[in-house]
Amino acid sequence: MLRQRHLGTATLALGLVVLTDVLRVFLPSVITIFGQAASTPAELLGAFALGWFVLALAAPPLVRLVGSHVVGVVAVALLGVARLALTAGPGGVVQLWLAGVGLLAGLVWLAATATRGARAVPGLALGLAAAALGHVLVGTYDLAWRGSWAAWAASGVMVVALLAGEVQLARRSAVAGPVPDGRAWLLVGPASVLAGMVALSPAVVGTATSYWFGAPGTASTPLFAFAPLGVALAVFLLAALTPSRPRARLVWPVLLLVGALLFGYGPPSLLTVAVLLSATGLGGCLALADGVAGPSARSATRRGYAAVGGMLVFAVVSVLYYAAYDLGYPNGWLPALVAALTGLIALEGRLRPGPVTAPATGDLGAPAAAPAAGEPTTFARLPRVPIAVLAALTAFAAAVVHEPWPVATNRPGPPEQIRVVAYNIRMGFGMDGRFDLPALERAVREADVVVLSEVDRGWLLNGGHDTLHLFSDRLGLPYVFAPAADTLWGDAVLSRWPVDRARTRALPAVGAPTGAQALGVTVDFSEGVRLAVVSTHLQPPPAADPVVQARAVAEFATGYADGLPLVVAGDFNTEPGDPAFTALTDAGLVDAFAAARPVPTSPADDPRAQIDHVFVSPDLVASDAVATPGTASDHLPVAVTLTLPGGAG
């Protein structure tokens, strides 16, 4: 019965789901609200984010002074209130501080849960899996960003269930029998960062699948993008909930390390393999850590510090990994380092086991079956196969439900005019720090061809959304994506007509920390009418003009078009008259906004800089050029109507 044997596991799992929901708001809020559109130094951003985790180090002494159950109930109540308040959609500074308070409350609750001797591994494994399932069931568009009654109802049920479980635990006696190994609590943070970054991320899985359908180096709209997540969840849960055999103990850390290395350094085509290896290895490492504590690990306060310290690792790794795109150092080694650390912690528990002085028990003291000869002492087992099968089937069902069916078809005869929109969407976050898909959709609703910059497809720092998959689904337009900074961040083209000949070329970095590329696609309007479209986002080196990148884009675009009518669009980070702008016009391209200037596009709430542009070949006639007002991003979208060669004006 759940109330007698697994209430602690279920409560821990549900609490981790709620805490993950808050983290998916807190992390991007630090960037978009505290960061003030990249005007805040990365070092200050990191210090602000880390500060909340450092404050949680006061939780273990507080628990020792007040009591774990009192602290746990109060912390869960604050976590739940903050989570529901975030669903209300305040945005801005209020959102930032609500998310911070919710995060701190969640960390304090985690420390209280650890100090009372609760078993970590089953709840952690189920919590990570449930968080991934919840994310895929909403298509990576979290309930916290939605204001519908359904979002409120689901959020409310989750928070009430968590609080009820915590209250029930507070009414029960302390855990009987052997105490779980505190090293497992130290794994909460590393496991969470690996799960959110690669192993159990629906967005990463969807992006990985899309690379199966694209030309080399690019990605296209896949079929059933989230389906591989079902496999990842199944192998993760089976590995995590199955007692680890001594002979297999080295297999799991090796699989996890190889998966992390593939994620950091492998080609996009192997991203799916990285996910599956990481999921399997992470589950196995958790199983290794699910042991009984020795005398040196029995201190309740130490377990509390282990839980908070593990989450501090989560924060440090997250900050260091994503700050690399602002500061310019390599970051592919960080996931591998966390994987190695996770493996070492897990192996430490098996290589130096503590003595067993009492029969194995469930998480509330219920007797468990005695272990077989030669098998490590374990606690009450969960029905791992049914749980894994249920998780896999749920993920497969979500893949079908959220399968986008965008269709690009040739209408009867080619069009005379098309509407082109170029938009830097800042990973989908508006000036108020909200992830607002409806506002983004309204900004480009009338477009025939959409060129996107700063497209995020699963960065943990931005909440783990696949913005492109969501955007494509809402618009009903298939996409072609090309990575720039890494396999999950770059530029895209969406079109109402079929596209082919996708090509991408990396641009010279010239000292800029973030990578840049140029993506070329050819739009086929039928009857031999075709249009070359090049999407780019120039990344200038510090305090310099991106003229070298602009010349590379012009060379690539004119060569790619090879005589076809040509559109080059995106965020160029250069203004009319600057060297980079002039390099594009000197290459024979025409400023499609020349007759409408000035057309400021950034920042969106008070536009002053003209840095988003559309350039065309001389055989295209531009009209109705505008920058559409709105704050769904920190840039304004620029739109222009193009008359194709031979079309009626």
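Above this text you will find the structure in question.
**A closer look at the side chain of serine 318**
Among the structural elements, serine 318 can be located in helix H14 (residues 300–327). For serine 318, the side chain forms a polar contact with the main-chain oxygen of phenylalanine 314, separated by 2.8 Å. Filtering out sequence-adjacent residues up to four positions away, serine 318 remains in contact with Val193 and Leu460.

**Details of unusual backbone geometry**
Excluding glycine, most residues fall at negative phi; most peptide bonds, likewise, are trans. Omega for the bond connecting arginine 597 with proline 598 falls within 30 degrees of zero, at 10°, which places this linkage in the cis form. Position of proline 598 relative to the elements: it lies in the loop between strand S10 (590–591) and strand S11 (612–616). Cis geometry marks the peptide bond from serine 602 to proline 603, where omega comes out at -5°. Along the chain, proline 603 turns up in the loop between S10 and S11. The phi torsion at serine 526 lies on the positive side, around 85°, for a residue other than glycine. By secondary structure assignment, the location of serine 526 is in the loop between strand S7 (517–524) and strand S8 (530–537). The exposure class assigned to serine 526 is buried, which follows from its relative accessible area of 14%.

**Description of the pattern of salt bridges**
Summed over the entire model, instances satisfying the criterion amount to 13 salt bridges. The partner of aspartate 290 in a salt bridge is arginine 119, and the shortest N-O contact between them spans 2.7 Å. Here aspartate 290 is found in the loop between helix H13 (271–289) and H14, whereas its partner arginine 119 is found in the loop between helix H5 (92–115) and helix H6 (121–137), with 171 residues between them in sequence. The pair aspartate 290 / arginine 119 is uniform in exposure class, with both members buried. Residues joined by salt bridges that share partners form a network here, namely Asp21, Arg24, Arg83 and Asp142.

**Quick notes on the pairing of S11**
Burial runs high along S11: 5 of the 5 residues are buried. Of the two faces of S11, the one holding Asp612, Val614 and Val616 and the one holding His613 and Phe615 are both buried throughout. Taken together, the 5 bridges between strand S9 (residues 566–571) and S11 define a ladder with antiparallel strand orientation. Each bridged residue has a counterpart across the sheet, and for glycine 570 the counterpart in S11 is histidine 613.

The rules we used
Here the residue numbers are simple positions, counted from 1 along each chain's written sequence. The model is predicted, so local features are restricted to residues of pLDDT at least 70 and side-chain atom pairs to those at 80 or more, both for listing and for counting; the totals for chains, interfaces and linings are taken over all residues. Excluding hydrogens and water, the side-chain figures rest on all heavy atoms present in the structure. Only DSSP runs of H or I reaching four residues or more are called helices, and only runs of E reaching two or more are called strands; each is numbered from the N terminus. Nitrogen and oxygen atoms within 3.5 Å of one another constitute a polar contact, given that in protein one can donate a hydrogen and the other can accept it, and given that sequence-neighbouring residues count only through two side-chain atoms. In what follows, a contact means two residues having at least one pair of non-hydrogen atoms within 4.5 Å. Think of it in three bands: with a 1.4 Å probe and only protein chains considered, a residue is buried below 20% of the maximum accessible area for its type, exposed above 50%, and partly exposed in between. We define a salt bridge as a side-chain nitrogen of Lys or Arg found within 4 Å of a carboxyl oxygen belonging to Asp or Glu. At least two bridges found by DSSP between two strands are what make those strands a pair.

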